[in-house]
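Residues per chain are reported as follows:
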Amino acid sequence: MPAGDSFFIATPIFYVNDVPHIGHAYTEVAADVLARWHRQRGDDAWLLTGTDEHGQKILRTATSHGVTPQEWADKLVTESWKPLLKTVDIANDDFIRTTDARHEAGVQKFLQKLYDDGFIYQGEFEGFYCVGCEEYKQPSDLVPGTGAYEGEQVCAIHSIPVEVLQESNYFFRMSDFEQRLLDLYEAQPDFVQPDSVRNEVVSFVKQGLRDLSISRQSFDWGVKVPWDEKHVVYVWFDALLNYVTAIGYGVDDDEFRRRWPAVQLVGKDIVRFHAVIWPAMLMAAGLPVPKNVFGHGWLLVGGEKMSKSKLTGIAPQQITDVFGADAFRYYFMRAITFGQDGNFSWEDIAARYQAELANGFGNLASRVVAMITRYFDGTVPVAGDLTEADLAVRETELRVTAEADAAIDRFAINEALASIWQLVDQLNGYITEQEPWAIAKDSSQRERLATVLATALRGLGTLTVLLSPFIPTATHTLWQSIGQGELTSQPVDRAAEWSSAPEVQPLAAGLFPRIEQPEPAA
Ligand code: MSP
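**Re the site of the ligand**
Part 1 of the reasoning: Looking at the ligand, there are 24 residues lining it, with I13, D52, G267, D269 and L299 nearest.
Part 2 of the reasoning: Here Y15 contributes a backbone N or O atom positioned 3.2 Å from an oxygen atom of the ligand.
Part 3 of the reasoning: L299 places a polar main-chain atom, nitrogen or oxygen, 2.8 Å from a nitrogen atom of the ligand.
Part 4 of the reasoning: Listing elements by their share of the shell around the ligand, those giving two or more residues are β1 (6–15), α1 (22–40), α7 (235–240), α8 (242–245) and β13 (263–267).
Part 5 of the reasoning: Taken together, the residues of the shell around the ligand sort by class into 13 nonpolar, 8 polar and 3 charged.

What follows is the structure, encoded as structure tokens:
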């Protein structure tokens, strides 16, 4: 087991009513980058993702396709959600489905404990329900409908009418936890991040919490309530528990203690579930709350939240087919401030691909490897006396490594990349200024040529280590040419200490080839 701390990070689990779009892939990539970074720092990292398969939304979708909800979920998981992980190169450690037996048993165990301890009671409820959100809505969450829904009140997120539901259900005493939650936000100011999201959560809880309806009798696609099998568990109550059922809640105490509590990345639309309901559930069960709940922004297309229901959904593969998985990962992590909304455009990704990946990093790698091959027959040169310019490269390597590591700790993923890119730019500038091709013409400057290329190669190797959590494929290829041992075994927080091979191997092709037609037909 690695020497470092436990770093358990989880994505939300995705509804299987539809296929993934780039908003879903965005959450996956962010979590994967953080997990890879921590793993490569020697932490005991664990990345969990999975699918949310119960509830009315999935049931209705399956029924409308003439299949059972289980058949529908199996098909979507096999054909779409698991393949998504390959498409964007996610190195997850586990994949949980809410229809897994391990999950259903854990949900029942948890619920029974809360029932036995007096946190659950039976009552009546009537309210507006949005099946898209799988949530009861307050009148203030509704907006006037347009088009086909003119004259009706619709959900502000899904733009579809809400339904009036009246049920006799089981309720969780969430209102008991109002003060404890406020105390938590106060005592642990980084529990909900970023600050803008935290402020919203605090003011929401300050308005007062109502008890939560946690069972349904009107349909049966869900986990059965253990003491009253006419009810199934409310889909969110069921889904939130995936974070603990996946790590052995109630069956493997050692594993549970090793992993929990988690860092949770979620889109800002589902922060309330994770920063209010979820910690209240855990408090009721006497378990620690998550380490952090980070609410990231939305990907917008043409200024609107991208979604399948609004027909603005873009499949991740449409982008990876053109630019590759590395470029997908790099672009979304670099171009969008993590925690804020960001607009996607084909022009923007094409421009960054060319300027930053192909011309910036890719070209640097090709030039350094090619010059060592040409001037030193591939043998890695040994540096002689160092000038100020050489030392400055060295200093930047150390500085950006520390900055990127600190940025990752703050979930500032885009800032980590921006810091690392200072080294890309500095190395390109260094080579332009030092002109190794000119020095190479003067045989009396052989030692200086060796120093310049050794310095450039050192910097390039440091970059390869630092970038490996972001662009694993290109860095792996480059590592085959310059590095020794496994790339992922090089400690990322001490990237400048990487071990070089004695000889570089020529790179067969550019790391980021020219893209002839960046925009697929609309
Ligand atoms: N099933 C629930 C989560 C349960 S977690 C216990 C759910 N699923 S979802 O499939 O609708 O959304 C999953 C995640 O994708 C959420 O974090 C959501 O914010 C994110 N995104 C969906 N559309 C998005 C964008 N357009 N942009 C960024 N993230 C988006 O909610």
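**With respect to the packing of aromatic side chains**
Working definition: an aromatic ring pair is given by the centre-to-centre distance plus the angle between the planes.
Part 1 of the reasoning: For the structure shown, the criterion picks out 36 aromatic pairs.
Part 2 of the reasoning: Summarising the aromatic geometry, the rings of W37 and F470 are spaced 6.3 Å apart at their centres and angled 70° between planes, so their arrangement reads as edge-to-face. Separated by 433 residues along the polypeptide, W37 in helix α1 and F470 in the loop between α17 (446–467) and α18 (472–482) bring together distant segments of the chain.
Part 3 of the reasoning: Given a relative accessible area of 0%, W37 falls into the buried group.
Part 4 of the reasoning: Summarising the aromatic geometry, the rings of Y129 and Y136 are spaced 5.0 Å apart at their centres and angled 75° between planes, so their arrangement reads as edge-to-face. For the residue pair Y129 and Y136, the accessibility class agrees, reading buried in each case.
Part 5 of the reasoning: Grouped by ring-pair contacts, the aromatic residues Y26, F294, F323, F328, Y331, F332, F338, F344, W346, Y353, F411 and F512 constitute a single cluster.
Part 6 of the reasoning: Above the ring of W298, the side-chain terminus of K268 is found at 4.8 Å from the ring centroid.
Part 7 of the reasoning: Residue placement shows R446 over the ring face of F376; its charged tip is 4.2 Å from the ring centre.

**Here's the deal with the sheet that holds strand β16 (residues 304–305)**
Part 1 of the reasoning: Strands sit in the order β16-β15-β17 across an open sheet of 3 strands; the sheet is mixed. On the outer flanks of this sheet lie β16 and β17 (342–344), each paired with one strand and no other.
Part 2 of the reasoning: With 2 bridges joining them, strand β15 (residues 299–301) and β16 adopt antiparallel strand pairing. The partner of V301 across the bridge, within β16, is E304.

Criteria and thresholds
Residues numbered from 1 in each chain as written. Predicted model: local features only at pLDDT ≥ 70, side-chain atom pairs only at ≥ 80, totals over all residues. Heavy atoms only, no water. Near = heavy atom within 4 Å. Polar contact = N/O pair within 3.5 Å; in protein donor to acceptor, adjacent residues only side chain to side chain. Helix = DSSP H or I, 4+ residues; strand = E, 2+ residues; numbered from the N terminus. Nonpolar A, V, L, I, M, F, W, Y, C, P; charged D, E, K, R; others polar. Phe/Tyr/Trp six-rings, centres within 6.5 Å; stacked < 30°, edge-to-face > 60°. Buried < 20%, exposed > 50% of the residue type's maximum accessible area, 1.4 Å probe, protein only. Lys NZ or Arg CZ within 6 Å of the ring centre and 35° of its normal. Pairing = 2+ DSSP bridges.

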